[in-house]
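Observations on chain architecture
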Amino acid sequence: MSKRDLISIFDLRKAEIDGLIKEAVKLKKEKKRTPPLKGKTLAMIFEKSSTRTRISFEVGMYQLGGTALFLNSNDLQLSRGETIRDTARTISRYVDAVMLRTFAHDNVVQLADAASVPVINGLSDLSHPCQILSDLLTVYEKKGDYKKLTYAYIGDGNNVLNSWLEAAGVLGIKLNIATPESHKPPQAVLKKAMAMSPESITLCHTPVDAVRNADVVYTDVWVSMGQENVRMEKLKAFAGFQINGALLQHAGSDAIVMHCLPAHRGEEITSEVLDGRQSVVFDQAENRLHMQKAILKFLIK
Ligand code: CP
Ligand code: NVA
């Protein structure tokens, strides 16, 4: 069988997402260490900072009986001009899977194309599939289901929203989005997701329209990694798109609030909401670990 990669949620079938969630639930309950990946190694290449992704993959690999290598891209020959493809071909001789966190999405596509081992997208400027898979696990735990719910995403048309759009396309979940006109998600992702599931995605005029009757209210930072130079411009564009107590009043009273973290308190979300009764953000962070383990087991044979 040919190897599988996880570059985008579009790479997965609905039944496979179901399977990953079931596997993660099972792994989360297991008290003893299961060693299905004994003797296996994951290389983790980071071009950007990380707390959750790095720690959850590293600890996850350890708990599955394997090892993870943290590689800062600045320390690799990549930073001195060795190509992604040559790097992929070399690393494939040493390890059983590679995770890459990168700026240009094409880097992870090229890496997957040239590597003979599975490649996992640990976040690119275009998407963040592992985040959304673990978020679906959190929703499933909190609501007992993740398919027949209404999701509201308020904020930037960024990598996290793109992966939500992909999930809406594959799973047919209802996703209301409110972004400033100037920061909509890329047309290509939007169009593909809408073509896969025409009834799923609604572009709302205001955050209030988006959160009305939502079961899940989601946001992410306004200034993603690598956008620090346009910070002031973005803060201006996002005025009115904050998740705060007043906005939350328009959602269902049992709606949960989610954020992939790290949060910029007082920008896209207030501390009152982030630390409030409806917030599940630290369960979300924990579930990165359980879902990474399910993903690793799924990809590394
Ligand atoms: N949510 C997430 O990917 O967090 P890190 O940037 O800390 O890995
Ligand atoms: N959109 C954010 C997500 C961080 C996990 C970023 O790319 O910085």
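An account of the accompanying structure is given in this report. Note that the structure is predicted; figures quoted are calculated from it, not measured.

Along its length, the protein chain carries twelve helices and nine strands. Its C-alpha atoms give the protein chain a radius of gyration of 19 Å, near enough to 19 Å, the size a compact globule of 301 residues would have. When its C-alpha atoms are laid out on the principal axes, the protein chain stretches across 55 × 45 × 35 Å. In the protein chain, buried positions account for 55% of the 301 residues. Surface summary for the protein chain: the accessible area is close to 13,300 Å², and the carbon and sulfur share equals 52%.

Here the focus is unusual backbone geometry. With omega at 5 degrees, the peptide bond leading from L261 into P262 counts as cis. Mapped onto the fold, P262 is located in the loop between β9 (256-259) and α11 (271-274). A positive phi is found at L123, a non-glycine position, where the angle reads about 120 degrees. Looking at where L123 falls in the secondary structure, it is placed in the loop between β4 (119-121) and α5 (129-143).

Further remarks concern the packing of aromatic side chains. For the structure on display, the rule yields seven aromatic pairs. Ring plane angle 15 degrees and centroid distance 5.4 Å describe the contact between W222 and F238, whose orientation is recorded as stacked. In this pair, W222 sits in the loop between β8 (216-219) and α9 (231-237) while F238 sits in the loop between α9 and α10 (245-248), placing the two residues 16 residues apart along the sequence. For the pair W222 and F238, a shared accessibility class is recorded, and that class is buried. Of the aromatic side chains, those joined through ring pairs into one cluster are Y151, Y153, W164 and Y218. Positioned over the ring face of F10 is K192, at 4.2 Å from the centre of the ring. Across the ring face of F298, the terminal group of K301 is positioned such that the distance to the ring centre comes to 5.4 Å.

With that settled, consider helix α6 (residues 159-171). The terminal C-alpha atoms of α6 lie 18 Å apart, and with 13 residues this matches the ideal 18 Å at 1.5 Å per residue to within 8%. The buried fraction of α6 is high, at 13 of 13 residues. The N-cap residue of α6 is N158: its side-chain oxygen and the backbone nitrogen of V160 are 3.1 Å apart. Of the residues one or two after α6, G172 is the one with positive phi, at around 75 degrees.

Turning our eyes to something else, we now look at the sheet that holds β8. Taking strand neighbours across the sheet as the criterion, the five strands line up as β7-β6-β5-β8-β9 in an open arrangement whose pairing is parallel. Strands at the two margins of the open sheet, each flanked by one partner only, are β7 (201-203) and β9. The mean angle between the axes of side-by-side strands here comes to 20 degrees, regardless of whether they run parallel or antiparallel. Inspection of the sheet shows strand β5 (residues 150-154) paired to strand β6 (residues 174-178) by five bridges, in the parallel sense. Across the sheet, residue Y153 finds its bridge partner in β6, namely I177. This element, α6, spans β5, β6, β7 and β8 of the sheet and lies at about 150 degrees to β6.

In this structure, R13 sits in the segment before α1 (14-29). In this structure R13 comes out as exposed when scored by relative accessible area, which is 56%. Sequence separation between R13 and P180 is 167 residues; the distance between their C-alpha atoms is 31 Å.

Around ligand 2, the neighbouring residues are L123, N158, N159, D220, V221, S224, M225 and L261. Here N159 contributes a side-chain N or O atom positioned 2.8 Å from a nitrogen atom of ligand 2. In the environment of ligand 2, a nitrogen atom lies 2.6 Å from a nitrogen or oxygen atom belonging to the side chain of D220. Taking a 2 Å distance to the grid points as the criterion, the majority of the atoms of ligand 2 fall inside the largest pocket.

Rules used throughout
- Residues numbered from 1 in each chain as written.
- Chains lettered and ligands numbered in written order.
- Predicted model: local features only at pLDDT ≥ 70, side-chain atom pairs only at ≥ 80, totals over all residues.
- Heavy atoms only, no water.
- Helix = DSSP H or I, 4+ residues; strand = E, 2+ residues; numbered from the N terminus.
- Rg over C-alpha atoms; globule rule 2.2 N^0.38 Å.
- Buried < 20%, exposed > 50% of the residue type's maximum accessible area, 1.4 Å probe, protein only.
- Areas by Shrake-Rupley, 256 points an atom, 1.4 Å probe, with all protein chains shown as cover.
- Phe/Tyr/Trp six-rings, centres within 6.5 Å; stacked < 30°, edge-to-face > 60°.
- Lys NZ or Arg CZ within 6 Å of the ring centre and 35° of its normal.
- Expected span 1.5 Å × (residues − 1).
- Polar contact = N/O pair within 3.5 Å; in protein donor to acceptor, adjacent residues only side chain to side chain.
- Pairing = 2+ DSSP bridges.
- Axes fitted to C-alpha atoms, helices over the stretch in contact; angles between N-to-C directions.
- Contact = heavy atoms within 4.5 Å.
- Near = heavy atom within 4 Å.
- 1 Å grid on protein atoms, 1.4 Å probe; cavity = no way out; pocket = protein on both sides within 12 Å on 5 of 7 lines; lining within 4 Å.
- Sits in = over half its atoms within 2 Å of the grid points.

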